[in-house]
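So the chains spell out like this:
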Amino acid sequence: MDVISQTENIERRNGEKIVGIQDLSLIKNRDDTQQMIEEIDESVELNSERRRNLEDKIRMLEENEADHQRRVARLEGEIFGQDGQIKKLTRDVQGFQTQLVETQNNLEETRNELRRTRNNLVVTQNKLTETQNVLTEIRNDHEETKNKLKAIESALHTGQIAFDFEKDLATYIYPHDKKFGSRKIFTNMKEWLEKKKNTEEGSEANTKWNELQKEFSWSSEHERVFFKLLESRKECAHPQVDRNGVQSEIPDSFTDQEKKCITDIMDIIDRVNELM
C-alpha cells in the first residue's frame, strides 16, 4: 500500500481529516512518513479509547439517570401516598379532638352529677342518723314497755293462781247449790264456815277445809302469800283509772255515740260511789 492509500485509510478510520497533513509531497522520506503514520495510529487509538470511555460514562450516566428517575417516581408515589395518609391522619386527629371535647364535657357532667349525688348522700346520711336516733328512742321505749308488760303478765299469771285457788276451793267447800260471787271469795268463805259451823252443811264444809289444811300444812304464812298474790293481780287486772284521761284512750273502733255511752257509764260509777 502506498503512502497516500495508508493516509486515506487512516483518515477514514479516524472519521475526520488530520490537521497538519495536507500535502504528502512535503514528506521528505519514507521513514518520516512511517513515523507520522505511527503517530496518527496512536492518536486514533487514543481517541477510540477515549470515545469508548466517554460512551461508557454516558451509558453509566444514562443508567444512573434512569435509576434516579425511577427513584424520583417511587419517591413521588411515596410522597403521594404519605399525603393521603397525612390527610387521613388529619381527619383522625380532628375526630379524636371532637371525641376528646365530648369526653371532657361528659366528664364534667359526671363530676357535677357526682357532686349532686354526694350532697344527696350527705342529706340522706343525716336523715338516716336522725331516723336511727328515733329508732333508738323507740327501741328503748319498746324495751321499757316490754319489761312493764312482762311484769304485768307475770303478775297476772301468778295472781291468777290465787283467783283459781279461792274459786275452786269455794266450789269444793260450799254445798253444790251455794252461789258465790267473784269478789272476796276466800274471805267470805271463811266467814261462812265460822257462821255455819254448827249446821250440817257447815260442819261438812269445815271438815273438808280442815282436812286440806292438815294435808298441806296450811299456815298463816300461806294465807299472807295468798292475799299478796291477789293484790298483785288486782293492781294489774284492775288498775286505778283516771276517768277524765281515759276518754282520750277509747279505741277508734267505738263510734261517737258509743263513746257518749261510755262517758255516761263512768258518770254513773261516780254517782253510785257517792251514794254508797
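Residues numbered from 1 in each chain as written. Predicted model: local features only at pLDDT ≥ 70, side-chain atom pairs only at ≥ 80, totals over all residues. Heavy atoms only, no water.

**Student:** I would appreciate a short explanation of the overall build of the protein chain in the present structure.
**Tutor:** Regarding its fold elements, the protein chain presents seven helices and zero strands. Starting at the N terminus and walking to the C terminus, you meet the elements of the protein chain as α-α-α-α-α-α-α. Taking all 276 residues of the protein chain together, 13% fall into the buried category. Considering only residue pairs separated by 6 or more positions, the protein chain has 45% of its internal contacts joining residues 24 or more positions apart. Summed over its atoms, the accessible surface of the protein chain is roughly 23,000 Å², and 53% of this surface lies on carbon and sulfur atoms. (Helix = DSSP H or I, 4+ residues; strand = E, 2+ residues; numbered from the N terminus. Buried < 20%, exposed > 50% of the residue type's maximum accessible area, 1.4 Å probe, protein only. Contact = heavy atoms within 4.5 Å. Areas by Shrake-Rupley, 256 points an atom, 1.4 Å probe, with all protein chains shown as cover.)

**Student:** Would you mind showing me how to read the packing of helix H3 (residues 185-195) against helix H4 (residues 200-215) here?
**Tutor:** To characterise two packed helices, one gives the angle between the axes of the helices and the distance between these axes. It is the contact of H3 with H4, at a shortest axis distance of 9 Å, that shows an interaxial angle of 125°. With respect to H4, the element H3 is oriented oblique. Here Phe 186, Trp 192 and Leu 193 of H3 lie close against H4, whose contacting residues are Glu 201, Gly 202, Ala 205, Asn 206 and Trp 209. Of the residues assigned to the contact of H3 with H4, the class counts are five nonpolar, two polar and one charged. (Axes fitted to C-alpha atoms, helices over the stretch in contact; angles between N-to-C directions. Parallel < 35°, antiparallel > 145°, perpendicular 65-115°, else oblique. Nonpolar A, V, L, I, M, F, W, Y, C, P; charged D, E, K, R; others polar.)

**Student:** Looking at this structure, I do not really get the packing of aromatic side chains. What am I missing?
**Tutor:** Each aromatic ring pair is described using two quantities: the centre-to-centre distance and the angle formed by the ring planes. One pass over the structure, following the stated rule, counts 11 aromatic pairs. Aromatic side chains Phe 165 and Phe 226 sit 5.3 Å apart centroid to centroid with 65° between the ring planes, which places their arrangement in the edge-to-face category. Remark: Phe 226 occurs in helix H5 (residues 220-237) and Phe 165 occurs in helix H2 (residues 30-173); sequence separation between them is 61 residues. By relative accessible area, which is 4% here, Phe 226 ends up buried. A centroid spacing of 5.6 Å and a plane angle of 65° characterise the contact between Trp 209 and Trp 218, whose relative ring orientation is edge-to-face. Classification of Trp 209 by relative accessible area gives buried; the value is 8%. Judged by relative accessible area, Trp 218 falls into the partly exposed class, the value being 21%. The ring of Tyr 174 has Lys 178 sitting right over it, with the charged end atom 5.6 Å from the ring centre. (Phe/Tyr/Trp six-rings, centres within 6.5 Å; stacked < 30°, edge-to-face > 60°. Lys NZ or Arg CZ within 6 Å of the ring centre and 35° of its normal.)

**Student:** What is the right way to look at the nonpolar core in this model?
**Tutor:** For soluble globular proteins, nonpolar side chains are generally found buried alongside one another. If you look at the biggest cluster of nonpolar residues, it comprises 14 residues, and the most contacted ones within it are Leu 169, Ile 173, Phe 186, Met 189, Leu 193 and Trp 209. Elements with a minimum of two residues in this core: H2, H3, H4 and H5. When sequence neighbours within four positions are dropped, the list of residues in contact with Ile 173 reads Met 189, Leu 193, Ala 205, Lys 208 and Trp 209. (Core = buried A, V, L, I, M, F, W, Y, C linked by side-chain atoms within 4.5 Å.)

**Student:** What am I meant to see in the side chain of Asn 206 here?
**Tutor:** Following the sequence through the fold, Asn 206 ends up in helix H4. At 2.8 Å, the side chain of Asn 206 and the backbone oxygen of Gly 202 are in polar contact. Once residues within four sequence positions are removed from consideration, Asn 206 is found in contact with Leu 193 and Lys 197. (Polar contact = N/O pair within 3.5 Å; in protein donor to acceptor, adjacent residues only side chain to side chain.)

**Student:** Just checking my understanding: could you explain H3 for this structure?
**Tutor:** Residues separated by three or four positions in an α-helix point in the same direction, a consequence of the helix having 3.6 residues per turn. Among the residues of H3, Ile 185, Phe 186, Met 189, Trp 192 and Leu 193 are the ones counted as buried. On an axial view of H3, the arc spanned by its buried residues comes to 125°, and they lie on one face. Opposite the buried face of H3, by more than 90 degrees, sit the exposed residues Glu 191 and Lys 195. (Arc of directions from axis to C-beta.)

**Student:** Sorry if this is basic, but what is going on with unusual backbone geometry here?
**Tutor:** Of all residues except glycine, most have a negative phi; of all peptide bonds, most are trans. With a phi angle near 50°, Lys 184 is a residue other than glycine that sits in the positive phi range. The topology assignment puts Lys 184 in the loop between H2 and H3. We classify Lys 184 as exposed; its relative accessible area is 59%. For Ser 217, which is not glycine, the phi dihedral falls at a positive 50°.

**Student:** How do you make sense of the confidence of the model for the protein chain when you look at a structure like this?
**Tutor:** Low pLDDT means the predicted coordinates in that region are not meant to be read closely. In this model, the protein chain carries a mean pLDDT of 78, and residues with pLDDT of at least 70 account for 78%. Considering only residues more than four positions removed or in separate chains, one finds that residues 1-27, a stretch of pLDDT under 50, has 22 contacts. (pLDDT = per-residue confidence, 0-100.)

**Student:** Looking at this model, I keep getting lost on the pattern of salt bridges. Mind explaining?
**Tutor:** Pairing between side chains becomes possible if they bear opposite charge and their charged atoms approach one another. In the structure shown here, the tally under the stated rule is 11 salt bridges. Across the pair Asp 56 and Arg 59 runs a salt bridge, and its minimum N-O distance is 2.5 Å. Placement of the pair is Asp 56 and Arg 59 together in helix H2, with a separation of three residues, close to one helical turn. Residues Arg 224 and Glu 221 are paired through a salt bridge, measuring 2.7 Å at the closest nitrogen-oxygen approach. Of this pair, Arg 224 and Glu 221 are both found in helix H5, three residues apart, which corresponds to roughly one turn of the helix. Three or more residues joined by partner-sharing salt bridges are found here, namely Glu 108, Arg 111 and Arg 115. (Salt bridge = Lys/Arg side-chain N within 4 Å of Asp/Glu carboxyl O.)

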